[in-house]
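# Secondary and tertiary structure notes
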Amino acid sequence: KPLVIAIDGPSGSGKSSVSKEVARRLKLAYLDTGAMYRALTWYCLKTGVDLHDGAAVEQASKAMPLEISTSTATEYVAVDGTDITEEIRDPRISSSVSAVATTLGARTELIRRQRQLIDQHHHRMVVEGRDITTVVAPAAEVRMLLTASEEARLRRRGIQLGGTQTKEQLAAQVIQRDAKDSTVVNFTQAADGVVTLDSSDLDFEETVDTALAIVSK
Ligand code: CDP
């Protein structure tokens with residue numbers, strides 16, 4: 001039986017960790033679409049593609065030999081055999097990814113690959129990102145928007161980065177990236193039929209439990 005669980009949300013909403021745990025508990029495959037945009041950013045920087053040249057970024061998206069794991073047990077992202085699992089989390093990538101993600105031609109190509117991966121897993125997958133509930137898989141069996149207050153999101157991002165950055169630096173990074181991203185995808189408001197899960201006052205376990213309750217409803 002098909003079970004696609006589409007989860008969208010902004011940076012620091014807990015999307016990745018919650019999505020992965022939901023997939024693990026339900027024994028579903030898992031796809032982090034943000035990692036694909038990050039991989040494309042890495043590839044463009046590596047091959048000297050100007051991130052503001054839309055045609056060149058689109059071309060790169062089509063040429064990129066990307067490998068991404070869809071298992072909850074292993075996190076693995078590679079381009080042309082180079083393991084970039086860790087590197088795509090660098091601030092260098094985070095600060096450039098929006099330029100790539102706002103290139104419509106590149107989005108079209110990555111969306112095509114995302115749908116292909118969903119097909120390959122016989123539509124049994126948790127897919128997380130910014131446009132999954134609206135564009136990639138609008139017919140998903142379960143669609144949710146994971147939100148959190150700005151304060152909660154900044155707090156979580158701060159913990160994730162190891163707490164070495166000032167509050168101002170963090171705020172600037174997270175808020176600017178969300179602002180850039182939302183020029184092409186609206187992930188701040190739930191579309192019709194999408195359930196909003198506000199995790200501001202929930203811890204990780206509570207958020208996972210709430211998400212699982214939404215799935216079994
Ligand atoms: O670090 P964070 O969880 O906020 O972001 P991510 O999920 O790793 O995604 C990184 C970037 O990829 C986002 O800032 C967006 O620019 C882009 N993205 C997108 O445009 N559409 C998606 N479905 C997923 C990510």
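From a predicted model like this one, the values you see are computed outputs, not experimental measurements. (Residues numbered from 1 in each chain as written. Predicted model: local features only at pLDDT ≥ 70, side-chain atom pairs only at ≥ 80, totals over all residues. Heavy atoms only, no water.)

### Some words on the site of the ligand
Near the ligand lie 17 residues; those nearest to it are S11, R38, R107, R177 and D181. Here S11 contributes a side-chain N or O atom positioned 2.8 Å from an oxygen atom of the ligand. Expressed as a share of its isolated accessible area of 520 Å², the protein-covered part of the ligand is 97%. Ranked by the residues each element gives to the shell around the ligand, the list is headed by helix α2 (residues 33–46), at 4 residues. A per-class count over the shell around the ligand returns 3 nonpolar, 5 polar and 9 charged. (Near = heavy atom within 4 Å. Polar contact = N/O pair within 3.5 Å; in protein donor to acceptor, adjacent residues only side chain to side chain. Areas by Shrake-Rupley, 256 points an atom, 1.4 Å probe, with all protein chains shown as cover. Helix = DSSP H or I, 4+ residues; strand = E, 2+ residues; numbered from the N terminus. Nonpolar A, V, L, I, M, F, W, Y, C, P; charged D, E, K, R; others polar.)

### A few points about the sheet that holds strand β6 (residues 124–129)
Reading across from one edge, β2-β6-β1-β7-β8 is the order of the 5 strands in this open sheet, with parallel pairing throughout. The open sheet has two free edges, formed respectively by β2 (29–32) and β8 (195–198), since each of these has just one partner strand. This sheet shows a mean twist of 20° between the axes of neighbouring strands, independent of strand direction. Strand direction decides the pairing type here: strand β7 (residues 142–147) and β8, joined by 4 bridges, are parallel. Residue M144 lies in a different strand from β8, and its bridge partner there is V195. The sheet contacts of helix α1 (residues 15–26) involve β1 (3–8), β2, β6 and β7, and relative to β6 the element is tilted by about 175°. With respect to the sheet, helix α6 (residues 104–120) is in contact with β1, β2 and β6, its orientation differing from that of β6 by roughly 155°. (Pairing = 2+ DSSP bridges. Axes fitted to C-alpha atoms, helices over the stretch in contact; angles between N-to-C directions. Contact = heavy atoms within 4.5 Å.)

### Some details on the packing of α1 against helix α10 (residues 204–216)
When two helices pack together, you describe them by how their axes are tilted relative to each other and by the distance separating the axes. Contact pair α1 / α10: the axes reach a minimum separation of 10 Å and the direction vectors enclose 55°. Relative to α10, the element α1 is oriented oblique. When you trace α1 past α10, the crossing you get is right-handed. Contacts between α1 and α10 pair S17, V18, E21, V22, R25 and L26 from the former with F204, E205, T207, V208, D209, A211, L212 and V215 from the latter. Split into classes, the residues belonging to the contact of α1 with α10 amount to 8 nonpolar, 2 polar and 4 charged. (Parallel < 35°, antiparallel > 145°, perpendicular 65-115°, else oblique. Left-handed = near helix turned anticlockwise from the far one by under 90°.)

### Points about the nonpolar core
Core analysis: the biggest nonpolar cluster contains 39 residues, and L40, M64, V77 and V79 have the highest contact counts within it. Broken down by element, this core gets its largest block of residues, 8 residues, from α2. Leave out the neighbours within four places in its chain, and V79 touches A39, W42, Y43, M64, P65, L66 and I84. With 18 residues, the next largest nonpolar core counts I5, V126, L146 and A211 among its residues. (Core = buried A, V, L, I, M, F, W, Y, C linked by side-chain atoms within 4.5 Å. Buried < 20%, exposed > 50% of the residue type's maximum accessible area, 1.4 Å probe, protein only.)

### Brief notes about the pairing of β1
For a regular strand, the rule is simple: side chains alternate between the two faces of the sheet. The element β1 is extensively covered by neighbouring structure, given that 6 of its 6 residues are classed as buried. Inspection of the sheet shows β1 paired to β6 by 6 bridges, in the parallel sense. Considered in β6, the bridge of L3 is made with R124. When β1 meets β7, the two strands line up parallel, connected through 4 bridges.

### Considerations on the sheet that holds strand β4 (residues 77–79)
If you trace the 3 strands from one edge of the open sheet to the other, you get β3-β4-β5, paired in antiparallel fashion. The open sheet has two edge strands, β3 (66–68) and β5 (82–83), and neither has a second partner. Relative to β4, β3 runs antiparallel, the two being bridged by 3 bridges. Its bridge partner lying in β4, I68 is registered against V77. Strand contacts of α2: β3, β4 and β5, with the helix running at about 30° to β4, the strand carrying the most contacts.

### Thoughts on the side chain of E109
One can find E109 in helix α6. The class of E109 is buried, set by a relative accessible area of 7%. Residue contacts for E109: discarding those within four places in its chain leaves S61 and K62.

### Considerations on α10
When the terminal C-alpha atoms of α10 are compared, their 19 Å separation across 13 residues agrees well with the 18 Å that a helix rising 1.5 Å per residue should span. Along α10, the residues classified as buried are T207, V208, A211, L212, I214 and V215. Looking down the long axis of α10, one finds its buried residues gathered within 155° of arc, a one-sided arrangement. Summarising the contacts, the buried residues of α10 are in contact with β1, α1, β7 and β8. Here α10 starts with a cap whose side-chain oxygen sits 3.2 Å from the backbone nitrogen of E205, and that cap is D203. (Expected span 1.5 Å × (residues − 1). Arc of directions from axis to C-beta.)

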